[in-house]
Amino acid sequence: IGFVGVAVLLIGFRFFGDASVSVETKGDSSIYTSDSSLGFVFLVLPVLTAILAIVFALQPGIYRVFGVALGLVTAWLAYSAVTKDTSNHNVTVTSTGVSCEVGTRANPIRHKIDFTKTAYLFVDQLPGSKYELVANAANDGAETRIPIFDLMRAALPQIIENASNNNVVIGETEDGFVIPA
């Protein structure tokens, strides 16, 4: 089943490709979303394993044990396909702030930065090639960190511009740029 799963994923990446970022404007809000069709692969995979489970279960002898094992794998894949849905990922940029939702639909993680309450904003490089958008609050210096991923990277120029329009001080990265290359 491992080879079948890898083959299905490779075929899915080949036909559906990587996620591309789309931007929709509603009033003064820009909503960045990922329009990947890759979630389709994770819905098809349980169907394929269910078919294999039925085929093996109908065979005589030891193959029935494989059919039961594949049935259990199918149940896990179906559960994962429903609970691990990440189609909720989005970044919303307004004139006064940014909000980001990641994680799964069952357990979303939400981040929010209010530019009207922010004194300082910068991009911090973590070990490796990971970055975070860091905001320090004006009143108590509390720090808010948002990981930068594909949607955040696309929204970053607008975030920096809107923060600057709200008199937020924008810090530079170690290489002297506001937005890392």
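Residues numbered from 1 in each chain as written. Predicted model: local features only at pLDDT ≥ 70, side-chain atom pairs only at ≥ 80, totals over all residues. Heavy atoms only, no water.

## Here we look at the overall build of the protein chain
If you tally the helices and strands in the protein chain, you get four helices and nine strands. Scanning the protein chain from its N terminus toward the C terminus, one meets helices and strands in the order α-β-β-α-α-β-β-β-β-β-β-α-β. Burial analysis of the protein chain (181 residues in total) assigns 33% to the buried set. Carbon and sulfur atoms make up 62% of the accessible area of the protein chain, which totals about 11,000 Å². (Helix = DSSP H or I, 4+ residues; strand = E, 2+ residues; numbered from the N terminus. Buried < 20%, exposed > 50% of the residue type's maximum accessible area, 1.4 Å probe, protein only. Areas by Shrake-Rupley, 256 points an atom, 1.4 Å probe, with all protein chains shown as cover.)

## Overview of the packing of aromatic side chains
The final tally for this structure, using the stated rule, is four aromatic pairs. Taken together, the ring pairs connect Phe56, Tyr63 and Phe66 into an aromatic cluster. (Phe/Tyr/Trp six-rings, centres within 6.5 Å; stacked < 30°, edge-to-face > 60°.)

## With respect to the side chain of Thr49
Position of Thr49 among the secondary structure elements: in helix H2 (residues 39-57). By relative accessible area, Thr49 is classed as buried at 2%.

## Considering a nonpolar patch on the surface
Side chains of Val47, Leu48, Ile51 and Val55 sit close together on the surface and give an oily, nonpolar patch of about 320 Å² of accessible area. With respect to the helices, strands and loops of the structure, Ile51 is situated in helix H2. (Patch = residues over 30% accessible without salt bridge, like charges linked within 9 Å, V, L, I, M, F, W, Y side chains within 5 Å. Salt bridge = Lys/Arg side-chain N within 4 Å of Asp/Glu carboxyl O.)

## Here we look at the confidence of the model for the protein chain
Mean pLDDT over the protein chain: 82, with 78% of residues reaching 70 or higher. Averaged over each element, pLDDT in the protein chain is lowest for helix H1 (residues 2-16) (55) and highest for strand E3 (residues 90-94) (93). (pLDDT = per-residue confidence, 0-100.)

## Looking at helix H4 (residues 150-165)
The end-to-end C-alpha distance of H4 is 24 Å, a good match for the 22 Å that 16 residues give at a rise of 1.5 Å each. In H4, a bend of some 50° at Leu156 exceeds every other bend along the element, and Pro157, a proline, comes one to four places later. Within H4 the residues assigned to the buried category are Leu151, Met152, Ala155, Leu156, Ile159, Ile160, Asn162 and Ala163. The positive-phi residue at the C-terminal boundary of H4 is Asn167, with phi of around 60°. (Expected span 1.5 Å × (residues − 1). Bend = angle between axes of the 7 residues up to and from the residue.)

## Quick look at the sheet that holds strand E2 (residues 29-34)
Read from one edge of the open sheet, five strands run E1-E2-E3-E4-E5, paired in antiparallel fashion. The open sheet has two edge strands, strand E1 (21-26) and strand E5 (108-114), and neither has a second partner. The average angle at which neighbouring strand axes cross in this sheet is 15°, direction not considered. The strands touched by H4 within the sheet are E1, E2, E3 and strand E4 (97-103), with E3 carrying the most contacts at an inclination of about 10°. (Pairing = 2+ DSSP bridges. Axes fitted to C-alpha atoms, helices over the stretch in contact; angles between N-to-C directions. Contact = heavy atoms within 4.5 Å.)

## Digging into the pattern of salt bridges
Under the counting rule described, the total for this entry stands at five salt bridges. We note a salt bridge from Lys26 to Glu24, for which the minimum N-O separation is 3.7 Å. In this structure, Asp124 and Arg145 form a salt bridge, with 3.1 Å as the shortest nitrogen-oxygen distance. Here Arg145 lies in strand E8 (residues 143-147) and Asp124 lies in strand E6 (residues 118-125), a separation of 21 residues in the sequence. Through salt bridges with shared partners, a single ionic network connects Asp124, Glu132, Glu143 and Arg145.

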